[in-house]
Amino acid sequence: VQLQASGGGLVQPGGSLRLSCAASGTISSFNVMGWYRQAPGKLRELVAIISVGGSTNYADSVKGRFTITRDNAKNTVYLQMNSLKPEDTAVYYCKAEDFSRRRVYWGQGTLVTVSS
């Protein structure tokens, strides 16, 4: 299984971006999919996750600004990011977990830069 993340770029504070994570296989087999980020000099941290049933969880720092969704028909997970702040600048990674096979998959990162 391969995960392809895209949608990063340079945006001004207050702006929006939508990240996409396209899987080479069916995402309905993954119990949980999510987005993580890593800023320079910092550890990778959870941003948002979504279960196969559609339950979501967000980091406190992004609640109310970011929305994670999944489109099983397109085998894609999205992260809509609004009201972006400079502190959101990081490389964003998508992750998929298959509990039954005890497998974890990571996509390559996509860089988000929030700057004026």
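Data block above holds the structure.
Keep in mind that this is a model prediction, so the values were computed, not measured.

Novice: Whenever I open this one, the environment of valine 62 confuses me. Can you help?
Specialist: Within the secondary structure, valine 62 sits in the loop between β6 (56-58) and β7 (66-71). In this structure, the C-alpha to C-alpha distance between valine 62 and asparagine 72, residues 10 residues apart in sequence, is 24 Å.

Novice: Sorry if this is basic, but what is going on with the state of the cysteines here?
Specialist: Defined simply, a disulfide is a covalent bond joining two cysteines at their sulfur atoms. Counted under the stated rule, the structure contains 1 disulfide. In this model, cysteine 21 is linked to cysteine 94 through a disulfide, with the two sulfur atoms separated by 2.2 Å. Measuring the twist about the S-S bond at about 65°, one finds the cysteine 21-cysteine 94 disulfide to be right-handed. Of the two residues, cysteine 21 sits in strand β3 (residues 17-23) while cysteine 94 sits in strand β9 (residues 90-98), which places them 73 residues apart along the sequence.

Novice: I keep staring at the packing of aromatic side chains and nothing clicks. Help me out?
Specialist: The way to describe two aromatic rings as a pair is by their centre distance and the angle between their planes. Counted according to the given criterion, the structure contains 3 aromatic pairs. On the basis of an interplanar angle of 65° and a centroid distance of 5.2 Å, the ring pair of tyrosine 36 and tryptophan 106 is categorised as edge-to-face. Placement of the pair is tyrosine 36 in strand β4 (residues 32-38) and tryptophan 106 in strand β10 (residues 103-106), with a sequence separation of 70 residues. The exposure class of tryptophan 106 is partly exposed, given its relative accessible area of 38%. Taking 6.5 Å as the distance between ring centres and 85° as the angle between the ring planes, the aromatic pair formed by tyrosine 93 and tryptophan 106 counts as edge-to-face.

Novice: Where do I start with the pattern of salt bridges in this structure?
Specialist: Where charged atoms from two side chains of opposite charge approach closely, those side chains can pair. Inspection of every chain in the model, using the stated rule, returns 6 salt bridges. In this structure, the salt-bridge partner of aspartate 60 is lysine 63, at a minimum N-O distance of 3.1 Å. According to the relative accessible area criterion, lysine 63 is partly exposed, its value standing at 48%. Between arginine 65 and aspartate 88 there is a salt bridge, with its nearest N and O atoms 2.7 Å apart. Separated by 23 residues along the polypeptide, arginine 65 in the loop between β6 and β7 and aspartate 88 in the loop between β8 (76-81) and β9 bring together distant segments of the chain.

Reading the values: the criteria
- Throughout this description, residue numbers start from 1 for each chain and increase along the sequence as written.
- The predicted nature of this model means local features are confined to residues of pLDDT at least 70 and side-chain atom pairs, given and counted, to a pLDDT of 80 or more, with totals for whole chains, interfaces and linings taken over all residues.
- Side-chain calculation: all heavy atoms of the structure are included, whereas hydrogens and water are not.
- In DSSP terms, a helix is any run of H or I states spanning at least four residues, a strand is any run of E spanning at least two, and both are numbered starting from the N terminus.
- Count a disulfide wherever a pair of cysteine sulfur atoms falls within 2.5 Å.
- Stacked, edge-to-face and tilted labels apply to pairs of Phe, Tyr and Trp rings (six-membered ring for Trp) whose centres lie within 6.5 Å, assigned for plane angles under 30 degrees, over 60, and everything in between, in that order.
- Each residue is placed in one exposure class: buried if its accessible area under a 1.4 Å probe, protein chains only, is under 20% of its type's maximum, exposed if it is over 50%, and partly exposed if it falls in between.
- Only one rule defines a salt bridge in this text: a Lys or Arg side-chain nitrogen within 4 Å of an Asp or Glu carboxyl oxygen.

These values are about where atoms sit, not about what they do.
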